[in-house]
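Chain and residue survey
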Amino acid sequence: MTQTEQFPMQLVQCLGTALVLVLGLSSGQRVVTIQKGPLYRVRGSHVTLWCRVSGYQGPAEQNFQWSIYLPSAPEREVQIVSTADPSFPYAVYAQRVRSREIYVERLQGNVARLHITELQDRDAGEYECHTPTTDERYFGSYSAKMNLSVIADTLLVSMAPQVLTCAEGDTVELTCEVSKSTTLHTHLSVGWYHLQGAGDSHAEEILTLSKDFVLRPGASYMQRYLRGDVRLDKIGNTTYKLSIREVKPSDQGQLYCEAVEWIEDPDETWKDISRKQTEETSLIVTSLGKDLNVTVAAAESSISEGDTLQLRCRVGAQNSRDRQFQVIWFLNSTEVARVDPRGVLIWKKEYEERARLGQLQAFKHSDTVYVLTVYEVGLMDKGVYSCSVSEVEKAPGDSQSIQTKLSSGLQVNVKPIESRMYLSMSTSTAQIVAGDPLIFLCEVRGATNPLSVKWWHLQQHQSLPSLVAAMERDGSLTLGSAYQDRGAQRSIRLEKAGSSAFTLVISNTSAPSDSGSYKCEVVEWSRGKSWSQAEETVVTVSPLNLGLHAVLISRTATVKYTQSFELFCQLSASYALEELPVSMTWQFQPSRPTGDYQELVRVLPSGTVAWGMAQPHFLKKTQLTKAASSSRLLIHSATADDEGTYRCEAGVWSRSSLPQGQPAAVVRSNAVGIKVTLPESKLQVSIKESSVEITGSADATIECRILFAQKTAQLAITWYFLPPPPADAIPLQIVRANYSNVLEYGAEFSSLTQRTRFQSKRVSSDAFWLQILSTNHGDQGSYYCVVEEWLWLADGWYKLGEGKSGRTTLEFKLSESELDVEKTNCSILVREGTEVVLGCMLRGMRSPISRVSAIWFHEEDRSGVRPLLYLHRDGMVQYVQENLASRLHLRRPTAGDFSLTLQSVEEGDTGVYYCQVQEWQQDGKGETWALQASALSGYTRLTTLPPESTVLSRICSSPPLLNFILYLPLVLILLLAIAGFYWYLKSRNIRKDNIKDDQLVELQRTEDVKQT
């Protein structure tokens, strides 16, 4: 099939894949849940059980089937009722289902509830709710079960019926006996109810003790319950007593007691399982008289200006709690305020402003006491005070006054006042440093009226002071605009110490902005009058960096290896550092800096020591001491890692910034360099150059000789290989043996074959050998070693020096007299992704007793020659490059054909390929094989080309082109539909025009006939 014929099929496959990515499948799992059991219900009660199904397929309205498994036959299903099949119930339940004693209530399409209106003992058992399937396949659960137990009703409630007659305001007590004998854990609730008349069907709740042991009064008894007039007490285990004090006429009627037994279901909800009521008791209430007596009184009738005047109006009346009064206050026979029967306060217009400011207050203190309070009494408040009390009754549509009584007048005298205030200001912090608090005290003597205070601050070189804080007479605080942020940080505190002393505290001070003059201004307030006085003082706040300086010194700058050295950091300032918290940080920069200084250790003002993570070796050998203003760093057993530059950084903290935050001032010392001298290396390696010539596949030995090395030192050796020209590449590491004689092969020699052939040995104290087993043509080149001298010092191994040997050239001498291998050189171009055959042909006939082996080589421009595979004389193929094993195939259609097939050519396969053919024969005894001849083939230079792109690959690799092909058919169909609809409308209009023309012609003919 040609590429043109394959394209439509490949396009269909590509489009199908895109559609599968767009489409998605979903499936659900049916789940049936039933009310959680076990449930306990009382015999004869109405029981409901709900059932729900979800995750189903099919119609929204599902059917439900209820069955029971009786305790006597737990394996036998007894069908009860179904929403779909009327014949579903067994005979034992059929009659109860037909009489609606048992029925199913559908709450939603997927939720139903089973009703048993009168529970019987035989209804106990395990209930199962089943939903017939409407799904395409069975998947999930289709039924659920729960247990229902039937228990006896043991609740007993009793109260002796009687007729009680009492007077209005008396106390009534009723008792009710409630008990239960069930073994289950149940709760009781007991409540009392009131019926107005014999025919009243709506019972009004009086007071109930709930199942949670909480008393809950009825709406109309709420206020009386809060006053303590209605109580419910439990006496003993079964007796509940209801007490009603101050009986009202509205309490007359029928009273009864109701008890409810509750049980907690497994879903943690409480269910009432039994409810019983007692017989009714009749209560008759007789009313009393309604005379009034009104008096007004005050604690003091002669007060000073600015004092508080409190007047009390007392109402003497029987059963006052059930009567409504309106009270009016008068001053010199002029109304001041009134309190209506609902407790609403109404001020006369001339007193509204003072009431809004809180200077006047009137309220109902109790049913018989009304209070009028005048704060900050003025001279205009003196005179005669009285109160008027009116009893009000509700009438249809309005309220009407029954009677009104006016109290006798009370004379109130107000004496004017004068100020005797004296002010003094002091501070204990006139000279401080930044961060310390400023504390000011302003004391007032002789003041008898409310005081307000303002604190002002005048900085140097300012003409106007700024407000710091103010405290009004009511204690409210205000901060100046410049101090709002510091107030949010709680750095400003204004307090009133006692009745006449004010304290201003400014924490976390700053220099020099908080220096300057501070003024305290106090105002004494009386009724419409004020008196003010002011005092000021000057303070100085010094910055923490004033004169701050750090000096780092060391006794020596050059330290021998393992010797200890000491660094000393001294801090000084223009103020006493001993009184302030100081932190000290030691920093280090290695002799080969990789960046900024690294933190060695930090000592916080609290004494906490935190070691840095950059140089962990200092932790175990460093001794650190810190005084108030100095620090000493002693480093033991110096090593090369300790060489570098040291400095110290001191931070001075304000007292207000601890224990968190940053230091207020930081200073760095001068840098001190420490140099650590290591032992000198005297390593000498022979630099004599030599050459080794080998034939066939013989073994070769390269020697590296040490002329001189320290006796206590350990030597590490690394062997290198340099391919012969023209490769002239970077030397390749063959193998490295470290000072512990652990071998590490280079990347080009890491295969198992190469590691077996190249071996490094130490044959004496001053000689190393590199042995090359079974050499081949690819081993030609130069070899040399690099020897390193390592010495164990105090904290580890250190490299003292290294030496490089002279080169040893390995030359491979081939005997090609008897092997005729194709020598033709060629160059080929191969496209990536295809395969290529590399030729290697041995011509001529070989002796029957001979064996032939072959080695394929690949030479790159930069990395030199490397073997690809070995064909041993026994026919076994060994791959050197494991990553190429799957792509290399050695095909031998004839005995002399050693051609190599390279599959799936990649860009990295570019280079020169050739093979080496060897002939082997056994000795006369037939014990060992000896190499008889060897020959190299001609060179094949391989150059790779990029892969050829196809139409399909171009489409699928270009999202815009793929989208164009996907949506183009849809656009064409839409355009054809629009064009068809357009031609349909146009042809329809043409037919209409033709019909109209025919009708006009016919009409014209008719007119012509008529005229004729």
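Here, every reference points to the structure presented above.
Throughout, a residue's number is its position along its own chain's written sequence, starting from 1. Given that this is a predicted model, residues contribute local features only at a pLDDT of at least 70 and side-chain atom pairs are listed and counted only at 80 or more, while totals for whole chains, interfaces and linings are drawn from all residues. Heavy atoms throughout the structure, all of them, feed into the side-chain values; hydrogens and water do not.

1. Regarding the nonpolar core
Grouping buried Ala, Val, Leu, Ile, Met, Phe, Trp, Tyr and Cys residues that are joined through side-chain atoms within 4.5 Å yields what is termed a nonpolar core. Working definition: with a 1.4 Å probe on protein chains only, accessible area under 20% of the residue-type maximum means buried, over 50% means exposed, and in between means partly exposed. Membership of the largest hydrophobic core comes to 63 residues, with the highest contact counts inside it found for Trp455, Val522, Leu567, Leu571, Trp586, Tyr646 and Val652. Core analysis: the second largest hydrophobic core is formed by 30 residues, Val327, Leu331, Val389 and Val414 among them.

2. Regarding the pattern of salt bridges
Put simply, a salt bridge is a Lys or Arg side-chain nitrogen that is within 4 Å of an Asp or Glu carboxyl oxygen. Within the structure shown, the criterion is met by 40 salt bridges. Arg486 is paired through a salt bridge with Asp514; the nearest N and O atoms lie 2.9 Å apart. Note that Arg486 is positioned in helix α5 (residues 484-488) and Asp514 in the loop between β39 (501-506) and β40 (516-526), a separation of 28 residues in sequence. The salt bridge partner of Arg705 is Asp766, with a shortest N-O separation of 3.6 Å. With Arg705 in strand β55 (residues 700-708) and Asp766 in the loop between β59 (758-764) and β60 (767-772), the pair connects residues that are 61 residues apart, well separated along the chain. Secondary structure is summarised from DSSP: a helix means a run of H or I of at least four residues, a strand means a run of E of at least two, and numbering begins at the N terminus for each.

3. Some remarks on the state of the cysteines
In this description, the term disulfide denotes a pair of cysteine sulfurs within 2.5 Å. With the rule as written, the count across this model stands at seven disulfides. There is a disulfide in this structure between Cys176 and Cys257, and the S-S distance comes to 2.4 Å. Measuring handedness by torsion sign, the sulfur bridge of Cys176 and Cys257 sits at about -75° and is left-handed. Here Cys176 is found in strand β12 (residues 172-179), whereas its partner Cys257 is found in strand β18 (residues 253-264), with 81 residues between them in sequence. Residue Cys257 is classed as buried on the basis of its relative accessible area of 0%.

4. Quick look at the sheet that holds strand β7 (residues 111-116)
Pairing is antiparallel across the open sheet formed by four strands, whose spatial order is β1-β3-β7-β6. The two strands at the open ends of the sheet, each matched to only one other strand, are β1 (31-34) and β6 (102-108). Across this sheet, the average inter-strand angle for adjacent strands is 20°, counted without regard to direction. One ladder, built from four bridges, connects β1 with strand β3 (residues 47-54); its direction is antiparallel. Two strands form a pair only when DSSP identifies at least two bridges running between them. Axes here refer to lines fitted to C-alpha atoms; in helices the fit is confined to the stretch in contact. Angles between the N-to-C directions go from 0 to 180 degrees.

5. So, the side chain of Ser760
Assignment of secondary structure puts Ser760 in strand β59. Of the residues examined, Ser760 reaches a relative accessible area of 16% and is grouped as buried. Think of a polar contact as two N or O atoms within 3.5 Å of one another; within protein, one of them needs to be a possible hydrogen donor and the other a possible acceptor, and neighboring residues in sequence only count if both atoms come from side chains. In terms of polar contacts, Ser760 uses its side chain to reach the side chain of Trp719, at 3.1 Å. What makes two residues a contact is simply this: any of their non-hydrogen atoms within 4.5 Å. Ignoring anything within four residues of it in the chain, the contact list for Ser760 reads Ile717, Trp719, Val735, Trp769 and Leu770.

6. What to know about the pairing of strand β28 (residues 369-374)
Of all six residues making up β28, six are buried, and the element is well covered by its neighbours. Going residue by residue along β28, you find Val369, Val371 and Thr373 tucked away on one face and Tyr370, Leu372 and Val374 tucked away on the opposite face as well. Looking at chain direction, strand β23 (residues 309-316) and β28 are connected through six bridges and run antiparallel. Residue pairing for β28: Leu309 is matched across the bridge by Val374. As paired elements, strand β27 (residues 360-364) and β28 share five bridges and run antiparallel to each other.

7. Brief notes about helix α2 (residues 91-98)
Those residues of α2 lying buried are Tyr93, Ala94, Arg96 and Val97. Its buried side turned inward, α2 meets β4 (65-69), β5 (78-82), β6 and β7. With its phi angle positive at about 65°, Arg100 sits one or two positions after the end of α2.

8. What to know about the packing of aromatic side chains
Stacked, tilted and edge-to-face are the three classes applied to pairs of Phe, Tyr and Trp rings, where Trp contributes its six-membered ring and a pair requires centres within 6.5 Å; stacked means planes under 30 degrees apart, edge-to-face means over 60, and tilted covers the rest. Per the counting criterion, the structure on display carries 19 aromatic pairs. Ring geometry for Tyr720 and Tyr784: centres 5.4 Å apart, planes at 20°, overall stacked. Taken together, the residues span a long stretch of sequence, with Tyr720 in strand β56 (residues 714-722) and Tyr784 in strand β61 (residues 781-792) at a distance of 64 residues. The class of Tyr720 is partly exposed, set by a relative accessible area of 22%. Given the relative accessible area of 7%, Tyr784 is considered buried.

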